[in-house]
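# Structure at a glance
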Amino acid sequence: MPSLFDLPFDDDGARADEAAAPPAPRVYTVSEITAAVRALLESTWADVWVEGEISNCRLWTTGHIYFSLKDAGAQLRAVMFKASARSLKFRLEDGQHVVARGRLGVYEPKGEYQIVCTDIEPRGLGARQLALDQLKKQLQAEGLLDASRKRPLPALPRKIGIVTSIDGAAIRDVLKVLGRRYPKAHVIISPARVQGDTASADIARALGRIGRVEGVDVVIVGRGGGSIEDLWAFNEEAVARAIAACPVPVISAVGHEVDVTLADLVADLRAPTPSAAAEIVVAAKDEFTARIDRLADRASAAAHRRVQQGRQALQRLEARPAMAGFSGRVAMRGRHVVELLLDLQRSGRDGLARRQRAFQSLRLRLEALDLRRSFGRIQARLSQADARLQAAAVRKYHGAEARLGSLAARLDTLSPLAVLARGYAVCWDDERRRILLEAASVSDGDAVRVTLHRGELRCIVTGREEER
């Protein structure tokens, strides 16, 4: 098909063959025109970068993103299909200034040209940083960054959970501080990768595991220092939500003091380094024990003052004239009290002894009437009777078995089957109604039946022999 752009024109824009007879005009269909424009655009603009502002952005249920790129003078329709949209590191929104890479094409049903984007970057701001800012706004709107939801650390943590890499320096720093400052601490480690594309999901799973351990009072999550790319796993949404969902307070200790991640903002407390997080946990314990020591000192001082005040009051009372000889009277009263106490103790011991003797007497009488002993005797007698009954039953059985064998043997000797087994036979008439006892009871040609030990014969009488 000839292109619309290949028709011959001279420099003045006139037809070169004006003098010749005009040819018949070529009539194109709409589809042909659209296909020609599409082929021209796709071949000429196969890879193009376009800068503009996003407007009318819509994410369809299919995963495709439809929007427009515009500037002060024009706008261009754009689409980013699901396969390319998966690699976006931020969410497209109206008003964002971006640079899009893609190819120009034509949407033939409407005759509109558009750019099919394969990559989009924010203008003047990194994609990761933009995604982080968007996530911060979302979490702030949900209240996950509010100071009101921050939980205080336990004063005496019995179990301390740690989520970090078991190969990094952070775990060694934390264990070193806890071993030196809090040697009796029960430490539970939930290992996780803290760097790489899958690190955020691994950290979230590790937080979920340690949150389900019974008795864990506080969790330290973090890693040592590194570049912003190394620490980026702690800026992911999965880690932030896992920290917020943890049932116990979480201390975030990521990188160095200058590094602030999203995990630091969501956690109940931020520590500048992993070792500082361990110091914070120990400091809570130290503060609690120091308060106990201060209270103990105050209680001891108050008791000492009360004793001193009592002694002084006693000395003032003893110095009065009316109290002369009071100490001696108190001593005599004390002796009388001791004597009464001894009499009370003696009386108590005697009464206790009497009650013990009465108890022993009652216990012996109760043991004589103890049903367990009577039951034991009855059970023994029952066992003996049962044994005798079983023996009698066995003897009766063997006697009956012997008599049955004898009768069976006698019956067997009288059985006609036994006679047949010895070679005899029984002769019947043809209808098996009677047994033939005499040869004269049949005639020649009569049919008879002969029963043998096994089977039966049907015979025809051909002759008879009378008894001599």
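Residues numbered from 1 in each chain as written. Predicted model: local features only at pLDDT ≥ 70, side-chain atom pairs only at ≥ 80, totals over all residues. Heavy atoms only, no water.

## Considerations on the overall build of the protein
- Per the secondary structure count, the protein includes 11 helices and 13 strands.
- Scaling as 2.2 N^0.38, a compact globule of 468 residues should have a C-alpha radius of gyration of about 23 Å, whereas the protein reaches 57 Å, well beyond that.
- Each principal axis of the C-alpha atoms in the protein carries an extent, and together these give about 165 × 150 × 35 Å.
- Expressed as a percentage of its 468 residues, the buried residues of the protein come to 27%.
- Residue pairs at least 24 apart in sequence account for 58% of intrachain contacts in the protein once pairs closer than 6 positions are excluded.
- Accessible surface, the protein: about 32,300 Å² in total, of which carbon and sulfur atoms supply 56%.
- Distance between charge centres in the protein, computed from 71 positive and 59 negative side chains, equals 20 Å. (Helix = DSSP H or I, 4+ residues; strand = E, 2+ residues; numbered from the N terminus. Rg over C-alpha atoms; globule rule 2.2 N^0.38 Å. Buried < 20%, exposed > 50% of the residue type's maximum accessible area, 1.4 Å probe, protein only. Contact = heavy atoms within 4.5 Å. Areas by Shrake-Rupley, 256 points an atom, 1.4 Å probe, with all protein chains shown as cover. Lys, Arg positive; Asp, Glu negative; His and termini not counted. Charge placed at Lys NZ, Arg CZ, Asp CG, Glu CD.)

## Quick look at the pairing of strand E8 (residues 216-223)
- Burial runs high along E8: 8 of the 8 residues are buried.
- Sheet topology note: the strand E6 (residues 159-164)/E8 ladder contains 5 bridges and is parallel. Its bridge partner lying in E8, Lys159 is registered against Val216.
- In the sheet, E8 pairs with strand E9 (residues 250-254) via 5 bridges, with the strands oriented parallel. Note that in E9 the partner of Ile220 across the bridge is Ile251.
- Handedness of the crossover joining E8 and E9 through helix H6 (residues 237-245) is recorded here as right-handed. (Pairing = 2+ DSSP bridges. Right-handed = clockwise from strand over helix to strand, strands pointing away.)

## Some remarks on a nonpolar patch on the surface
- A contiguous nonpolar surface patch, about 250 Å² in accessible area, is contributed by Ile166, Leu175 and Ile189.
- One can find Ile166 in the loop between E6 and helix H4 (169-181).
- Assessed through its relative accessible area of 52%, Ile166 is described here as exposed. (Patch = residues over 30% accessible without salt bridge, like charges linked within 9 Å, V, L, I, M, F, W, Y side chains within 5 Å. Salt bridge = Lys/Arg side-chain N within 4 Å of Asp/Glu carboxyl O.)

## Let's talk about the packing of aromatic side chains
- This structure, assessed with the given rule, holds 1 aromatic pair.
- Ring centres of Trp60 and Tyr66 lie 5.7 Å apart, and the angle between their planes is 75°; on these two criteria the pair is classed as edge-to-face.
- A relative accessible area of 29% means that Tyr66 is categorised as partly exposed.
- In this structure, Arg26 packs its charged tip against the face of Tyr28, placed 4.6 Å from the ring centre.
- Its end group placed over the ring of Trp428, Arg432 keeps NZ or CZ at 4.6 Å from the ring centre. (Phe/Tyr/Trp six-rings, centres within 6.5 Å; stacked < 30°, edge-to-face > 60°. Lys NZ or Arg CZ within 6 Å of the ring centre and 35° of its normal.)

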